[in-house]
Amino acid sequence: MSYGAAHAELYDPVFRSRGKDFEAEAEGLNRLVRSRSPKARSLLDVACGTGAHLENLARYFDHVEGIDHSPAMRDVARGRLPGVAVHSGDMRDFELHRTFDVVICMGSGLAEAESPEQMADSVARMSAHVAPGGVLIVEPWYFPDNFLDGHAAGHLFRENGQVISRMTHSARHGDTSRVEIRFVIVDSSGFREFTEVIVKYLLPREGYEAAFERAGCTVEFVPGFSLADGRPNSPGLLVGVRAGGTDRTG
């Protein structure tokens, strides 16, 4: 899935209006990291999107970089983070030729792979970029036992003279979920609308944990972040530490 320019433009305003707090999430991620690697200094955000997390994580880490498959998302991130490297790449096979004390993958981007094998490949690539003793944090998509098949949701908000409606429908198709997102925007020039479809693999929690272990990381499942009204933003977070001590190469 590669988000288009219209969706990239609305991504942050939509989630902020729904109660997502990127600043608080960055603070929470930093606490998780420090509890496992107190001296961590460098961080890579895989599937960094618009760079909203990176912008805030830069307060806690001396060096941050991002990588994303979507040109539109990268453009937003680069505009937000001058001087920060935002790479083009696919999480299944990327190679940056260095390691980081921390690698994160938020927003369930990992689940956009087409199979458990591709998801495991992505975890392996992320782990390969974690320095020995460093931390890997992944925010998973919903698991088969807590995904709501047929779930319909809607959200309306105002931003910069626009009224924006975002509606979603989620449906299960075998081992995958199809999430259709439909936007309707109205402003002084009239109406416009667009639809994007995201397909995410429904991998059980045990599948994520097995991928961490195969990639040489411990793994712990911890509570995730919530929106302002208390609704969970995801099932939780998978937090791992790469074997090999505390030496850093990045």
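The protein chain is annotated in an unreviewed UniProt entry as N-dimethyltransferase of Actinomadura citrea.

Trainee: Quick one: what's the story with the pattern of salt bridges, residue by residue and with numbers?
Mentor: Per the counting criterion, the structure on display carries 14 salt bridges. If you follow the salt bridges from partner to partner, you end up with Asp 12, Glu 55 and Arg 80 in one network.

Trainee: For the domain arrangement of the protein chain, give the residues involved together with the corresponding values.
Mentor: Here the domain parsing of the protein chain yields domain 1 (5-143 + 204-242) and domain 2 (151-201). In this complex, domain 1 contributes 18 residues to the contact, which on the side of domain 2 involves 18 residues. Of the roughly 1,500 Å² buried at the junction of domain 1 and domain 2 (both faces included), carbon and sulfur atoms supply 66%. Counting across the interface, domain 1 meets domain 2 through 0 salt bridges.

Trainee: Could you give an account of the packing of aromatic side chains, naming the residues involved and the relevant values?
Mentor: By the definition in use, this model includes 6 aromatic pairs. Considering the side-chain rings of Tyr 11 and Phe 15, the 4.8 Å spacing of their centres and the 45 degrees angle between planes classify their relative orientation as tilted. Residue Tyr 11 and its partner Phe 15 are both found in helix α1 (residues 5-17); the two are separated by 4 residues, about one turn of the helix. Of the two residues, Tyr 11 and Phe 15, both sit in the buried class. A ring pair is formed by Phe 183 and Phe 194, whose centres lie 4.8 Å apart and whose planes are at 20 degrees; its orientation type is stacked. A residue pair is termed long-range when its members are at least 10 positions apart, and Phe 183 in strand β8 (residues 176-187) and Phe 194 in strand β9 (residues 190-201) qualify at 11 residues. Owing to a relative accessible area of 1%, Phe 183 belongs among the buried residues under this scheme. Phe 194 gets classed as buried once you look at its relative accessible area, which sits at 17%. Here a set of aromatic residues connected by ring pairs shows up, and it is made of Trp 141, Tyr 142 and Phe 147. Its guanidinium or amino end placed over the ring of Phe 100, Arg 98 lies 4.2 Å from that ring's centre, counting from NZ or CZ.

Trainee: I'd love a proper account of α1, names of residues and values included.
Mentor: When the terminal C-alpha atoms of α1 are compared, their 19 Å separation across 13 residues agrees well with the 18 Å that a helix rising 1.5 Å per residue should span. A maximum bend of about 40 degrees is found in α1 at Tyr 11, where proline Pro 13 lies one to four positions downstream. If you check which residues of α1 are buried, you get His 7, Ala 8, Leu 10, Tyr 11, Asp 12, Pro 13, Val 14 and Phe 15. Downstream of α1 by one or two residues, Gly 19 has phi in the positive range, about 105 degrees.

Trainee: If you had to explain the nonpolar core to someone new, which residues and values would you point to?
Mentor: Judged by nonpolar contacts, the single largest core of 47 residues is most densely connected at Val 46, Leu 110, Met 126, Leu 136 and Tyr 208. With 5 residues, the single largest contributor to this core is α1. The two domains that each donate at least three residues to this core are domain 1 (5-143 + 204-242) and domain 2 (151-201). Residues in contact with Leu 136, not counting those within four places in the same chain, are Val 103, Val 123, Met 126, Ser 127, Val 130, Phe 212, Cys 217, Leu 238, Val 239 and Gly 240. If you look at the next biggest cluster of nonpolar residues, it comprises 23 residues, including Cys 48, Ala 77, Val 102 and Ile 137.

Trainee: Break down the pairing of strand β1 (residues 42-46) for me, with residues and values.
Mentor: Burial analysis of β1 places 5 of its 5 residues in the buried class, which makes it a mostly covered element. Of the two faces of β1, the one lined by Ser 42, Leu 44 and Val 46 and the one lined by Leu 43 and Asp 45 are each fully buried. Examined bridge by bridge, β1 and strand β2 (residues 63-68) share 5 bridges and lie parallel to one another. The residue of β2 that forms the bridge with Ser 42 is His 63. On the question of chirality, the crossover connecting β1 to the parallel β2 by way of helix α3 (residues 52-57) is right-handed. Two strands pair when backbone bridges link them, and β1 and strand β4 (residues 100-105) are joined in this way by 3 bridges, in the parallel orientation.

Calculation criteria
- Residues numbered from 1 in each chain as written.
- Predicted model: local features only at pLDDT ≥ 70, side-chain atom pairs only at ≥ 80, totals over all residues.
- Heavy atoms only, no water.
- Salt bridge = Lys/Arg side-chain N within 4 Å of Asp/Glu carboxyl O.
- Domains from an automatic or database assignment.
- Contact = heavy atoms within 4.5 Å.
- Buried area = accessible area lost by both parts, 1.4 Å probe.
- Phe/Tyr/Trp six-rings, centres within 6.5 Å; stacked < 30°, edge-to-face > 60°.
- Helix = DSSP H or I, 4+ residues; strand = E, 2+ residues; numbered from the N terminus.
- Buried < 20%, exposed > 50% of the residue type's maximum accessible area, 1.4 Å probe, protein only.
- Lys NZ or Arg CZ within 6 Å of the ring centre and 35° of its normal.
- Expected span 1.5 Å × (residues − 1).
- Bend = angle between axes of the 7 residues up to and from the residue.
- Core = buried A, V, L, I, M, F, W, Y, C linked by side-chain atoms within 4.5 Å.
- Pairing = 2+ DSSP bridges.
- Right-handed = clockwise from strand over helix to strand, strands pointing away.

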